[in-house]
There are 2 protein chains.
Amino acid sequence: MRESDHSKSAGGRLLSPAGRANDRRVADEDYASRLREAITGGQFLPNERLIENDLAELLGTNRANVRTALARLEQEGLVVRERNRGAHVRLISHEEAIEIVEARAVLEGLTARYAALNATDEEIAELRGIMQELKGYYEAGGLLQYANVNVRLHQTIVRMSRHAMAAKLIGMLKSQSVSFQYRSILAPGRAECSLKEHTDILEAIAARDPERAEQTMRAHLDHAVEALCRVIESGHGTWHHRRTG
Amino acid sequence: MRESDHSKSAGGRLLSPAGRANDRRVADEDYASRLREAITGGQFLPNERLIENDLAELLGTNRANVRTALARLEQEGLVVRERNRGAHVRLISHEEAIEIVEARAVLEGLTARYAALNATDEEIAELRGIMQELKGYYEAGGLLQYANVNVRLHQTIVRMSRHAMAAKLIGMLKSQSVSFQYRSILAPGRAECSLKEHTDILEAIAARDPERAEQTMRAHLDHAVEALCRVIESGHGTWHHRRTG
DNA sequence: GTTGGCTAAATTGTTAACATAATAGCCAAC
DNA sequence: GTTGGCTATTATGTTAACAATTTAGCCAAC
């Protein structure tokens, strides 16, 4: 018998059933995406078993496609599979969470550099707009919205860099989203610090100064690493090592 | 009819048929590895079509496993798949090659930093040994062996860092091996410069100076980027845009 | 009460067959 | 000689069935 039934509790259908009809991409890429979002979005709990039949029904497809999707997600490190024992959601350890943010630090430093080199005036204006939003939520004390806009800001800079490889690698890290398990932005004083750092980054990019853009971005994420470490030490990591199947 | 028959010309069986019997990992990971090595090793030409049936026979398995293996490799960016049109080996563009080395630069900078922090005395001795080898091949003019030892040196530093995430990301980049398509080490003067830079890196790590280790590693790979750019501009990229299926 | 093995259920692994789409070859018309 | 459409072939997409393995439940023996 199954150890838990959360996949059922996730309910009904998962995201859009198909949408795109005649896309050139293969279908299982789409299935993988939907599964990825379901997992990172918290539809499945860490360590929860992923039964191929259930997933096939949930995604509205067959086991073969689920299988290839799971292979992709295992490649990404989002799920683990063992021979004859199936797949389960991977639990991100504390050490790994730190490493993820560290890797983000250097990669996003690279994108900040290229954003400073490649950004158009319109894009910089867009960035300023997002920055204003961020400031607004900070002053209003809406930390959860702050976190969301924060993500969008970083994504925008990555897009502005036009560095496909860095974008891809960062995307893989994002999928193993740490911010879902650890809410380090909630740490006292972190938001204020974060806001100032973002201002510095924006200024460097607007000034088309690649060197400073990279440095400020790295500094920002290095501080994020430190904040994460404090959260971990204080033991506030969300459901970590609590439910170990 | 098939457009080319190189998969047959690759001949017989591909690497070890199985080897490990009761491994905990799922089998298709192994198939993916063997395919990966075959592609990066040059068994298949860039842009060559990969027919599922042929691969299944070649790997000694069924189409389902080949399919999941291909999904993995597509995830890695080593092959491309289009709906109803199958998979083919991905050709690495000039821009992408540069981006790969740039990403390596920042990620290996990170590993150099942690290598300086975490390396044992034995490992530093090992590094010195590799360095001696490198010097030997340089003085003897064996540039191909130099390139091989060069790879080993970098791998060793990555291992010494104990940074699993950086290692994983770098591994993905390595699989899209640029050095196979472009032999930038053959560029005039590059080897000499490379040798000195490696010495700097080693000294920084041996001195347990993380800051300098990162800087020297980045400088080294930034120079590698420049060398690659020169090779590309001079049009010496190996079989690039020559045979486009 | 715990340990041991045995049986049944559940889940994954593998294979084959069929359906569908793309490609190549061919023939006729201009 | 070239273009256009038709047909046969090839390769992929999908599904189902069966085999092998693990897991859970159960009963008896100590």
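*Asks:* Explain the overall build of chain A to me, please; I cannot follow it from the model alone.
*Replies:* Along the backbone of chain A there are 11 helices and three strands. Reading the helices (α) and strands (β) of chain A from amino to carboxyl end gives α-α-β-α-α-β-β-α-α-α-α-α-α-α. With 245 residues in all, chain A has 49% of them scored as buried. Considering only intrachain contacts with a sequence separation of at least 6, the fraction spanning at least 24 residues in chain A is 76%.

*Asks:* What is the right way to read unusual backbone geometry from this model?
*Replies:* Most of the time, phi is negative for any residue but glycine, and the peptide bond is trans. Residues and elements named next belong to chain B. The phi torsion at Asn-84 lies on the positive side, around 65°, for a residue other than glycine. Of note in the backbone geometry, Arg-162 takes a positive phi value of approximately 60° without being a glycine. In this structure, Arg-162 sits in the loop between helix H7 (143-161) and helix H8 (164-175).

*Asks:* Can you help me understand the interface of chain A and chain B in this one?
*Replies:* The extent of an interface is frequently quoted as the accessible surface area lost upon association of the parts. With 40 residues of chain A in contact, the opposing surface of chain B contributes 40 residues. Summed over both partners, the interface of chain A with chain B buries about 3,500 Å², with 50% contributed by carbon and sulfur atoms. On the surface where chain A and chain B come into contact, there are 21 residue pairs in polar contact (both at pLDDT 80 or more). Going through the elements one at a time, helix H2 (27-40), helix H4 (63-76), strand E2 (79-82), helix H5 (94-118), helix H8 (164-175) and helix H11 (210-233) of chain A are the ones with two or more residues in the side of chain A that touches chain B. With 10 residues, the single largest contributor to the side of chain A that touches chain B is H5 of chain A.

*Asks:* When you look at the pairing of strand E3 (residues 86-89) of chain B in this model, what are you seeing that I'm missing?
*Replies:* Both faces of the sheet carry side chains from a regular strand, because those side chains alternate between them. All names here are of chain B. Here E3 shows a buried face lined by Ala-87 and Val-89 and an unburied face lined by Gly-86 and His-88. Direction of pairing for strand E1 (residues 49-50) relative to E3: antiparallel, over a ladder of two bridges. Opposite Arg-49, over in E3, you have His-88 as the bridge partner. As paired strands, strand E2 (residues 79-82) and E3 are joined by four bridges and run antiparallel to one another.

*Asks:* Would you explain the relation of the copies chain A and chain B in this entry?
*Replies:* Both copies of the chain are related through a single rotation about an axis accompanied by a shift along the same axis. Mapping chain A onto chain B calls for a rotation angle of 180° and an axial translation of 0.1 Å; the resulting RMSD is 0.2 Å. The transformation relating the two chain copies, once decomposed into turn and shift, fits a two-fold axis. Distance from the rotation axis, computed per C-alpha, reaches its smallest value in chain A at Thr-68 of chain A: 2.3 Å. Mapped onto chain B, 100% of the interface residues of chain A again fall at the interface, so both copies present the same surface.

*Asks:* Explain the sheet that holds strand E3 (residues 86-89) of chain A to me, please; I cannot follow it from the model alone.
*Replies:* Sheets are built from strands that pair by backbone hydrogen bonding, the pairs being arranged parallel or antiparallel. Pairing in this open sheet of three strands is antiparallel, and the strands run E1-E3-E2 (chain A) from one edge to the other. Only two strands of the sheet have a single neighbouring strand rather than two, namely strand E1 (49-50) and E2 of chain A.

*Asks:* Looking at this structure, I do not really get the side chain of Arg-81 of chain A. What am I missing?
*Replies:* Following the sequence through the fold, Arg-81 of chain A ends up in strand E2. The class of Arg-81 of chain A is buried, set by a relative accessible area of 6%. Engagement of the side chain of Arg-81 of chain A in a polar contact is seen with the side chain of Asp-28 of chain B, the distance being 3.0 Å. The residues touching Arg-81 of chain A, leaving out its near neighbours within four places in the chain, are Glu-52, Arg-67, Leu-70, Ala-71, Glu-74, Gly-86 and Ala-87 of chain A together with Val-26, Asp-28 and Arg-72 of chain B.

*Asks:* What am I meant to see in the sheet that holds E1 of chain B here?
*Replies:* Spatially, E1-E3-E2 (chain B) is the arrangement adopted by the three strands of the open sheet, whose pairing is antiparallel. Whereas interior strands pair on both sides, the edge strands pair on one side only; in this sheet they are E1 and E2 of chain B.

*Asks:* What's the story with helix H10 (residues 190-206) of chain A in this structure? I'm lost.
*Replies:* For an α-helix, 3.6 residues make a turn, and residues three or four places apart therefore share a direction. Residue and element names in this part refer to chain A. Taking 1.5 Å of rise per residue, 17 residues should cover 24 Å, and H10 covers 24 Å from first to last C-alpha, within 8% of that figure. Restricting attention to buried positions, one finds in H10 the residues Arg-190, Ala-191, Ser-194, Leu-195, Glu-197, His-198, Ile-201, Leu-202, Ala-204 and Ile-205. Looking at the buried positions of H10, the neighbouring elements they touch are H5, helix H6 (121-140), helix H7 (143-161) and H11. Where H10 ends, the next residue or the one after it, Arg-208, has phi of about 55°, a positive value.

*Asks:* In this structure, what is going on with the environment of Leu-144 of chain B? I would like to understand it.
*Replies:* Relative to the assigned elements, Leu-144 of chain B resides in helix H7. Taking the C-alpha atoms as reference points, Leu-144 of chain B and Arg-183 of chain B, separated by 39 residues in sequence, lie 9.3 Å from one another.

*Asks:* So what exactly am I meant to see when it comes to the pattern of salt bridges here?
*Replies:* Note that side chains of opposite charge can pair when their charged atoms are close. Applying the stated criterion to the full structure yields 40 salt bridges over all chains. A salt bridge links Glu-52 of chain A to Arg-63 of chain A; the nearest nitrogen and oxygen atoms lie 3.1 Å apart. A residue pair is termed long-range when its members are at least 10 positions apart, and Glu-52 of chain A in helix H3 (residues 52-59) and Arg-63 of chain A in helix H4 qualify at 11 residues. Looking at Glu-52 of chain A, the relative accessible area reads 17%, which means it is buried. Where salt bridges share partners, they join Arg-113, Glu-211 and Glu-214 of chain A together with Arg-218 and Asp-222 of chain B into one cluster.

*Asks:* Can you walk me through the packing of helix H6 (residues 121-140) of chain B against H7 of chain B in this structure?
*Replies:* When two helices pack together, their arrangement is given by the angle between the helix axes and the distance between those axes. All names here are of chain B. The N-to-C vectors of H6 and H7 enclose an angle of 165°; their axes lie 9 Å apart at closest approach. When the axis of H6 is compared with that of H7, the two are roughly antiparallel. The chirality of how H6 crosses H7 is left-handed. Between H6, through Glu-123, Glu-126, Leu-127, Ile-130, Glu-133, Leu-134, Tyr-137 and Tyr-138, and H7, the contact on the second element is made entirely by Gln-145, Tyr-146, Val-149, Asn-150, Arg-152, Leu-153, Thr-156, Ile-157, Arg-159 and Met-160. In terms of residue class, the contact of H6 with H7 is made up of 10 nonpolar, three polar and five charged.

About the criteria used
Residues numbered from 1 in each chain as written. Chains lettered and ligands numbered in written order. Predicted model: local features only at pLDDT ≥ 70, side-chain atom pairs only at ≥ 80, totals over all residues. Heavy atoms only, no water. Helix = DSSP H or I, 4+ residues; strand = E, 2+ residues; numbered from the N terminus. Buried < 20%, exposed > 50% of the residue type's maximum accessible area, 1.4 Å probe, protein only. Contact = heavy atoms within 4.5 Å. Buried area = accessible area lost by both parts, 1.4 Å probe. Polar contact = N/O pair within 3.5 Å; in protein donor to acceptor, adjacent residues only side chain to side chain. Pairing = 2+ DSSP bridges. Least-squares fit on C-alpha atoms with pLDDT ≥ 70 in both. Expected span 1.5 Å × (residues − 1). Salt bridge = Lys/Arg side-chain N within 4 Å of Asp/Glu carboxyl O. Axes fitted to C-alpha atoms, helices over the stretch in contact; angles between N-to-C directions. Parallel < 35°, antiparallel > 145°, perpendicular 65-115°, else oblique. Left-handed = near helix turned anticlockwise from the far one by under 90°. Nonpolar A, V, L, I, M, F, W, Y, C, P; charged D, E, K, R; others polar.

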